[in-house]
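One letter stands for each residue in the lines below.
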Amino acid sequence: MPPRKGRVDLAKQREHIERLRHELSAKPRAERRTTTRAVVRILEDTHLEARAGRHTLHSDEPLARGGTDKAATPLQHFVAGLGF
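A. Spatial organisation of the pattern of salt bridges. Applying the stated criterion across every chain, the model contains five salt bridges. Of the charged contacts, one joins Glu49 and Arg41 as a salt bridge, the two residues approaching to 2.9 Å between their closest N and O atoms. Note on Glu49: relative accessible area 14%, which makes it buried. With a closest N to O distance of 2.8 Å, Glu61 and Arg65 form a salt bridge.

B. The arrangement of the confidence of the model for the chain in detail. The predicted model of the chain has a mean per-residue pLDDT of 90, with 95% of residues at 70 or higher. For the chain, the element scoring lowest by mean pLDDT is helix H1 (residues 10-25), at 92; strand E3 (residues 55-59) scores highest, at 96.

C. Up close: the side chain of Glu49. By the secondary structure assignment, Glu49 is in strand E2 (residues 47-52). Side-chain polar atoms of Glu49 contact the side chain of Arg41, separated by 2.9 Å.

D. Up close: the sheet that holds strand E1 (residues 38-44). Taken in spatial order, the three strands make up an open sheet running E1-E2-E3, and their pairing is antiparallel. Where the open sheet ends on each side, the last strands, each with one partner, are E1 and E3. The sheet shows a mean angle of 25° between the axes of neighbouring strands, taken without regard to direction. Sheet analysis places E1 next to E2, joined by six bridges and oriented antiparallel. The residue bridging Glu44 from the neighbouring strand is His47, located in E2.

E. Representation of the environment of Thr56 in the model. Along the chain, Thr56 turns up in strand E3. Sequence spacing of Thr56 and Val39 is 17 residues, and the spatial spacing of their C-alpha atoms is 9.7 Å. A distance of 2.3 Å separates a polar atom in the side chain of Thr56 from a polar atom in the side chain of Arg51.

F. Structural context of unusual backbone geometry. Its identity as a non-glycine residue notwithstanding, Asp45 has a phi of 50°, on the positive side. Turning to its location among the elements, Asp45 is positioned in the loop between E1 and E2. Its identity as a non-glycine residue notwithstanding, Asp69 has a phi of 55°, on the positive side. Tracing the sequence through the fold places Asp69 in the loop between E3 and helix H2 (74-83).

Rules and cut-offs
- Residues numbered from 1 in each chain as written.
- Predicted model: local features only at pLDDT ≥ 70, side-chain atom pairs only at ≥ 80, totals over all residues.
- Heavy atoms only, no water.
- Salt bridge = Lys/Arg side-chain N within 4 Å of Asp/Glu carboxyl O.
- Buried < 20%, exposed > 50% of the residue type's maximum accessible area, 1.4 Å probe, protein only.
- pLDDT = per-residue confidence, 0-100.
- Helix = DSSP H or I, 4+ residues; strand = E, 2+ residues; numbered from the N terminus.
- Polar contact = N/O pair within 3.5 Å; in protein donor to acceptor, adjacent residues only side chain to side chain.
- Pairing = 2+ DSSP bridges.
- Axes fitted to C-alpha atoms, helices over the stretch in contact; angles between N-to-C directions.

Here is the structure:
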């Protein structure tokens, strides 16, 4: 039975994790590292653009804090990230 919309397919996630563990364990310890990188640039005052892999994210501050309110604040991104 396929998972309901909005639900995580835990069996699929476990399969993926186990496959990655198996692939990594076959490599020498020095080759098991992964790197996550993001490059951030200032677009205008507090409006920032981040490139993370193939993805682009924007952040800004509200008008009351000197921003242009064009995107979520860095703190809002952080809090949302905790949910991921």
